[in-house]
Amino acid sequence: MEKIKKPYYVDFSVTPFCNLSCPFCSAGAANKIVKNNEKIFSLEMIKDLFNQFDENEILRVSLEGGEPFCRNDIIEIMHLADTHNFMYYVNTNATLITEDLAKEISKTNVEKLCISIDGPEDIHDRSRGRKGSFKKMNEAVKYLKKYNVPIDGIITLTKINKDYLTETFDVISSMGINNVAIMLLASVGNACKNISDVSIDYNDWKKIYLKMTDMKKENLLPLSVNIVPTGEAIKPWMLYLPLKEEKRESDIELWLNQSLKSTIKDDLFACTAGKDNFAIDGYGNVFGCSLMYTENELIAGNVYEQKISDIWSNSPVFKKFRTLKYTEVTGKCRDCEYLSVCKGGCRVCAYAATRNLCGSDERCPICMKEL
């Protein structure tokens, strides 16, 4: 029997609740506000989970939600994380971070705060579903910078902010933030419900991507930009196809981590869920990744009922993830000449569209017959 390797990292939602209403939230956390009768992780439960992370040799933990700063004890959770072996960072909309809180954050060992910044003020507020979100976030960034808390920016690219990307770079740079990740939209959760309002079409993405590639090539970007596609192929279709069409395939190297080496076997789908990593939602459900939170059929177990090691080693869902071969894909991807390059795209986006883990990633322009 093949030995099951240890997970490298985990996305841990310390709360399912959020104070904003983002129409593209993959966790479906919009409009979920903490209520006294709702079940959330106790500090004792989090202590136990952190111990289990160490036992399973987890290297990296992302503390997220919902919005992690909805918890009044988030600083205590961060100090607790400081006593463990894993590196951790926090994903946040930053609207709840006061100066006092920023000062307390600076006393922790957090690797960085990853803050959502989706555009200039009006665009950011529209993206986040609440007027005034930008002002609160901007104030928080100033406080965090004052106390030397490391910050990266996150842009979720949608129809709302697609025409303002250059301005968004300038806004983020003016805040003194040097690094930003552009998250390409996953068609799950709220984004699936609001797909026509938030999803950008392939041709729009191609124009944006080619412009960014040219700017990167000429060192014209005002900050370090990383693109995070859904799916973990070395050459995801979102990055490969636009360049392939223009006979510029070699330019993909500008966006790839030169040290990147896939840990996925050559014959498997390009998805690390349940292979390198897992995620825990705010209710204790374990999934292959955090994009799966709204797909109850993909629950691998629950930490209130089982140990992480048991779920990781014995979950039928995880066992299935680890054996699915991209040659088993169904639908339009099956006969695609690029299948061996992209290795099938995002599995949860495919599942959300087809209810089949081996289904085609129908966001791809070849599936949509746009090419």
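Residues numbered from 1 in each chain as written. Predicted model: local features only at pLDDT ≥ 70, side-chain atom pairs only at ≥ 80, totals over all residues. Heavy atoms only, no water.

Chemist: Got a minute to help me understand the nonpolar core in this structure?
Modeler: Within soluble globular proteins, side chains that are nonpolar tend to cluster in buried spots. Counting 116 residues, the largest nonpolar core has F12, F53, I105 and W205 as the members making the most contacts within it. No other element matches the seven residues that helix α9 (residues 202-217) contributes to this core. Residues contacting F12, with those up to four places away along its chain left out, are F41, I46, L49, F50, F53, V61, S62, L63, E64 and I280. (Core = buried A, V, L, I, M, F, W, Y, C linked by side-chain atoms within 4.5 Å. Buried < 20%, exposed > 50% of the residue type's maximum accessible area, 1.4 Å probe, protein only. Helix = DSSP H or I, 4+ residues; strand = E, 2+ residues; numbered from the N terminus. Contact = heavy atoms within 4.5 Å.)

Chemist: For this particular structure, what's the right way to read the pairing of strand β3 (residues 87-92)?
Modeler: Each regular strand carries side chains that alternate between the two faces of the sheet. Bridging between strand β2 (residues 60-64) and β3 involves four bridges; their strand directions are parallel. Among the inter-strand pairings, V61 is bridged to a residue of β3, identified as Y88. Where the polypeptide runs from β2 across helix α2 (residues 74-82) and back to β3, its parallel neighbour, the crossover connection is right-handed. Sheet topology note: the β3/strand β4 (residues 113-116) ladder contains three bridges and is parallel. Looking at the pairing, V90 lines up with L113 of β4. Tracing the backbone out of β3, into helix α3 (residues 99-105) and back to the parallel element β4 gives a crossover that is right-handed. (Pairing = 2+ DSSP bridges. Right-handed = clockwise from strand over helix to strand, strands pointing away.)

Chemist: Is there a simple way to explain α2 in this structure?
Modeler: Those residues of α2 that fall on the buried side of the exposure criterion are I74, I75, I77, M78, L80 and A81. Those residues of α2 hidden inside the fold are in contact with α1 (43-55), β2, β3 and α3.

Chemist: Just to check I follow, could you spell out the packing of aromatic side chains for this structure?
Modeler: What characterises a pair of aromatic rings is the spacing of the ring centres plus the angle enclosed by the ring planes. A full pass over the atoms with the stated rule returns 14 aromatic pairs. On the numbers, 5.3 Å between centres and 65° between planes, the contact of F12 with F41 is edge-to-face. Within this pair, whereas F12 is found in strand β1 (residues 9-13), its partner F41 is found in the loop between β1 and α1, the two being separated by 29 residues in sequence. Summarising the aromatic geometry, the rings of F318 and F321 are spaced 6.1 Å apart at their centres and angled 40° between planes, so their arrangement reads as tilted. Taken together, the positions of F318 and F321, both in helix α12 (residues 316-321) and three residues apart, correspond to about one turn of that helix. Take F318 and F321: they sit in the same class, and that class is buried. Cluster of aromatic residues (ring-pair linked, three or more members): F12, F41, F50, F53, F86 and Y304. If you follow K112 out to its NZ or CZ, it ends over the ring of Y89, 5.7 Å from the centre. Its end group placed over the ring of W312, R322 keeps NZ or CZ at 4.5 Å from the ring centre. (Phe/Tyr/Trp six-rings, centres within 6.5 Å; stacked < 30°, edge-to-face > 60°. Lys NZ or Arg CZ within 6 Å of the ring centre and 35° of its normal.)

Chemist: Looking at this structure, how should I read the pairing of strand β5 (residues 151-157)?
Modeler: Of all seven residues that make up β5, seven are buried, and the element is covered over most of its length. Of the two faces of β5, the one lined by I151, G153, I155 and L157 and the one lined by D152, I154 and T156 are each fully buried. Alignment of β5 against strand β6 (residues 179-184), held across five bridges, turns out to be parallel. For G153, the partnering residue across the bridge sits in β6 and is V180. A crossover connection joins β5 to the parallel β6 through helix α6 (residues 165-174); in handedness this β-α-β unit is right-handed.

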